[in-house]
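Structure at a glance
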Amino acid sequence: LILTDDQGYGDLGCHGNSILKTPHLDRLYGESVRLTNFHVDPTCSPTRAALMTGRYSTRTGVWHTVMGRHMPRPREIMMPALFANSGYRTAVFGKWHLGDSYPYRPQDRGFHEVLVHGGGGVGQIPDYWGNDYFDDTYWRNGVEESFEGYCTDVWFEEATRFIERHKDQPFFCYIPTNAPHGPFRVPDVYA
């Protein structure tokens, strides 16, 4: 399950944008199952909470991205826990933004493997000091680990490794990218 952060519907060529060139996303769109009747919230954390619980975000306790309003109540049952309890291997690679401390972390919500940045965006206060989208330090299962490369590439490379390791068993792989969320920093090759 891939969720891009703060990306507008009209920001893709496959949705009719004739100015932005998104050939890789257009190809992924053509080869994927899409949620065509899932309505997002005005900000990212409520959208994530609704997606992970299957419930209206405000009912989960999430209605904003700051001041503790981004953490679903601990009693909320989340998608990764349902998959894990059914024998799936579960993993998340990217932006969690539903809580950085126990009992809100992704590993507390059913994910076996976790690789995320802190808070709501790379470089924000809860994130590792000095992260800037390139050659950053993220948390793998709660332990700091440094990586080389652009953050989105890191998420997909690590997700690909997870999928390869578990391709012969049931798995749930969640890739919530932080881009195109600001700050808008990308390698020159992508610009």
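Check the entry above for the structure.
Owing to the predicted nature of the structure, the values given are computational and were not obtained by experimental measurement.

1. Examining the packing of aromatic side chains
Counted by the stated rule, this structure contains 14 aromatic pairs. When the centroid spacing of 4.7 Å and the interplanar angle of 15 degrees are considered together, the rings of phenylalanine 83 and phenylalanine 172 count as stacked. Placement of phenylalanine 83 in helix 4 (residues 79-85) and of phenylalanine 172 in strand 6 (residues 171-176) is noted, with a sequence separation of 89 residues between them. On the numbers, 6.0 Å between centres and 55 degrees between planes, the contact of tyrosine 150 with tyrosine 190 is tilted. Here the residue tyrosine 150 occupies a position in the loop between strand 5 (143-146) and helix 5 (151-166), and tyrosine 190 occupies one in the segment after strand 6, the gap between them amounting to 40 residues. Classification of tyrosine 190 by relative accessible area gives partly exposed; the value is 49%. Directly above the aromatic system of tyrosine 29 lies the positively charged group of arginine 34, at a separation of 4.0 Å from the ring centroid.

2. A look at the nonpolar core
Ranked by size, the top nonpolar core spans 16 residues in total, and within it Phe93, Leu115, Tyr138, Cys151, Val154, Trp155 and Cys173 carry the most contacts. Put simply, the parts of the chain that give this core at least two residues each are strand 2 (89-95), helix 5 and strand 6. It is helix 5 that contributes the most residues to this core, five residues altogether. Contacts of cysteine 173, omitting those with residues within four sequence positions, involve Leu1, Ala91, Phe93, Ala159, Phe162 and Ile163. In this structure, Leu51, Met52, Leu98 and Phe172 belong to the second largest nonpolar core, which totals 15 residues.

Cut-off values and rules
- Residues numbered from 1 in each chain as written.
- Predicted model: local features only at pLDDT ≥ 70, side-chain atom pairs only at ≥ 80, totals over all residues.
- Heavy atoms only, no water.
- Phe/Tyr/Trp six-rings, centres within 6.5 Å; stacked < 30°, edge-to-face > 60°.
- Helix = DSSP H or I, 4+ residues; strand = E, 2+ residues; numbered from the N terminus.
- Buried < 20%, exposed > 50% of the residue type's maximum accessible area, 1.4 Å probe, protein only.
- Lys NZ or Arg CZ within 6 Å of the ring centre and 35° of its normal.
- Core = buried A, V, L, I, M, F, W, Y, C linked by side-chain atoms within 4.5 Å.
- Contact = heavy atoms within 4.5 Å.

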